[in-house]
Amino acid sequence: MSHKPHQGCYALITGASSGIGAAFARHAATQGAALGITARREDRLQGLARELFADHGVSVDVFPQDLSVPGSAEALLAQVADAGRQVDVLINNAGLSVASGFIAAPLAQQKAFLELTVTTPTVLCHGVLPTMREKGWGRILNVSSVMALSSGGKGHTLYPGGKAYLLKFSQSLNAEIREAGIKVSAVLPGVVATEFQIANGVTDTPSKPGLFTQSPEQVAREAWRRNDKGAEIIVPGLSAKAMAVFMRYTPERLLRTLTRPVAARYYKESL
């Protein structure tokens, strides 16, 4: 029998119905972890649960939730507790963006973004950490974006700020609880071939991984491996690493000059 290093662990993954979240679920299953998967689309979650059980024999709990709704993160934690589960690995992956100009989108959409990107990961971390601390072991991966390092641009107004929050929150949390045996990482993918790109108007993203585009599976594998080794910031893939170095070390004024015309290519005044 092959060794499965996370046999007996329970991984809770948000945004698991497709893309990076589904890739994390599949990779966790190969490691022997039991799973809790959550997203809005229950039919996709159920299909993924059947696949993972058939392929890997792991148990999978399906928790349909729209985590952009206030109170939904607390409801998810209650569902996990009612199922008799304790979370050993938390992957905050669920994400969205508002592609239009800031005032062109209803305030409700902007608040939903903040709920999903800022409040939900914060609530879930706060909810699972006490048990992790008691056990002296835990893993948390917060999926941010390389855009957390950007200067912002036209459209997707809250996106860089929300992702920067996840980056700094992860760093502070890791500094605070690392000695308790808990490893927290911010994951900063670059361009990934997922439905997220198309949904947000980036229709020229290749459908297959290449020199400048990763697959969700590549992101999940590298992030899982490097989190387990204790990396605080994980930028998966060479192209994303190059983008991160460029954005981190280019003077701010020059960075704005070079990157904002690129953002403007995808700008939509209204939805």
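Residues numbered from 1 in each chain as written. Predicted model: local features only at pLDDT ≥ 70, side-chain atom pairs only at ≥ 80, totals over all residues. Heavy atoms only, no water.

**Re the overall build of the protein chain**
- Of regular secondary structure, the protein chain possesses 9 helices and 7 strands.
- In terms of overall size, the protein chain behaves like a compact globule, its C-alpha atoms giving a radius of gyration of 18 Å where 271 residues would be expected to give roughly 18 Å.
- Over its C-alpha atoms, taken along the principal directions, the protein chain stretches across nearly 55 × 35 × 35 Å.
- Looking at the protein chain residue by residue over its 271 residues, the buried ones come to 51%.
- Here the contacts in the protein chain between residues at least 6 apart in sequence split such that 69% fall between residues at least 24 apart.
- Total accessible area computed for the protein chain in this model is approximately 12,900 Å², and 56% of it derives from carbon and sulfur atoms.
- Counting 28 positive and 21 negative side-chain charges, the protein chain places the averaged centre of each group 8 Å from the other. (Helix = DSSP H or I, 4+ residues; strand = E, 2+ residues; numbered from the N terminus. Rg over C-alpha atoms; globule rule 2.2 N^0.38 Å. Buried < 20%, exposed > 50% of the residue type's maximum accessible area, 1.4 Å probe, protein only. Contact = heavy atoms within 4.5 Å. Areas by Shrake-Rupley, 256 points an atom, 1.4 Å probe, with all protein chains shown as cover. Lys, Arg positive; Asp, Glu negative; His and termini not counted. Charge placed at Lys NZ, Arg CZ, Asp CG, Glu CD.)

**Overview of the environment of proline 160**
- Residue placement: proline 160 occurs in helix H5 (residues 159-177).
- Distance in space between the C-alpha atoms of proline 160 and serine 145 is 8.0 Å, their sequence separation being 15 residues.
- Those residues in contact with proline 160 that lie beyond four places of it in its chain are Met147, Ala148, Ser150 and Gly152.

**Notes on the pattern of salt bridges**
- Within the structure shown, the criterion is met by 7 salt bridges.
- A salt bridge links glutamate 222 to arginine 226; the nearest nitrogen and oxygen atoms lie 3.5 Å apart. Pair noted here: glutamate 222 and arginine 226 are both in helix H7 (residues 216-228), with a separation of 4 residues, about one helical turn.
- As a salt-bridge pair, lysine 241 and glutamate 222 come within 2.8 Å of each other at their nearest N and O atoms. Taken together, the positions of lysine 241 in helix H8 (residues 238-249) and glutamate 222 in helix H7 put the pair 19 residues apart, joining distant regions of the chain.
- Here glutamate 222 falls in the buried class, since its relative accessible area comes to 14%.
- Beyond isolated ion pairs, a larger network of salt bridges with shared partners links Glu222, Arg226 and Lys241. (Salt bridge = Lys/Arg side-chain N within 4 Å of Asp/Glu carboxyl O.)

**Some words on helix H3 (residues 72-82)**
- Here H3 has its buried residues at Ser72, Ala73, Leu76 and Val80. End-on, the buried residues of H3 take up no more than an arc of 100°, which puts them together on one face. In H3, the exposed positions that point more than 90 degrees away from the buried face belong to Ala81 and Asp82.
- Close packing links the buried residues of H3 with strand S1 (10-14), strand S2 (34-39), strand S3 (60-64) and helix H4 (107-135).
- In the stretch just after H3, glycine 84 is the one whose phi turns positive, near 75°. (Arc of directions from axis to C-beta.)

**What to know about the packing of aromatic side chains**
- Enumeration over the complete set of coordinates arrives at 2 aromatic pairs.
- Centroid distance phenylalanine 113 to tyrosine 159: 6.4 Å. Interplanar angle 45°. Geometry classified as tilted. Of this pair, phenylalanine 113 sits in helix H4 while tyrosine 159 sits in helix H5, placing them 46 residues apart in sequence. The exposure classification of phenylalanine 113 matches that of tyrosine 159, with both residues buried.
- Ring plane angle 10° and centroid distance 5.6 Å describe the contact between tyrosine 165 and phenylalanine 169, whose orientation is recorded as stacked. Taken as a pair, tyrosine 165 and phenylalanine 169 lie in helix H5 at a separation of 4 residues, close to a single helical turn. (Phe/Tyr/Trp six-rings, centres within 6.5 Å; stacked < 30°, edge-to-face > 60°.)

Remember, this is a structural readout, not a statement about activity or role.
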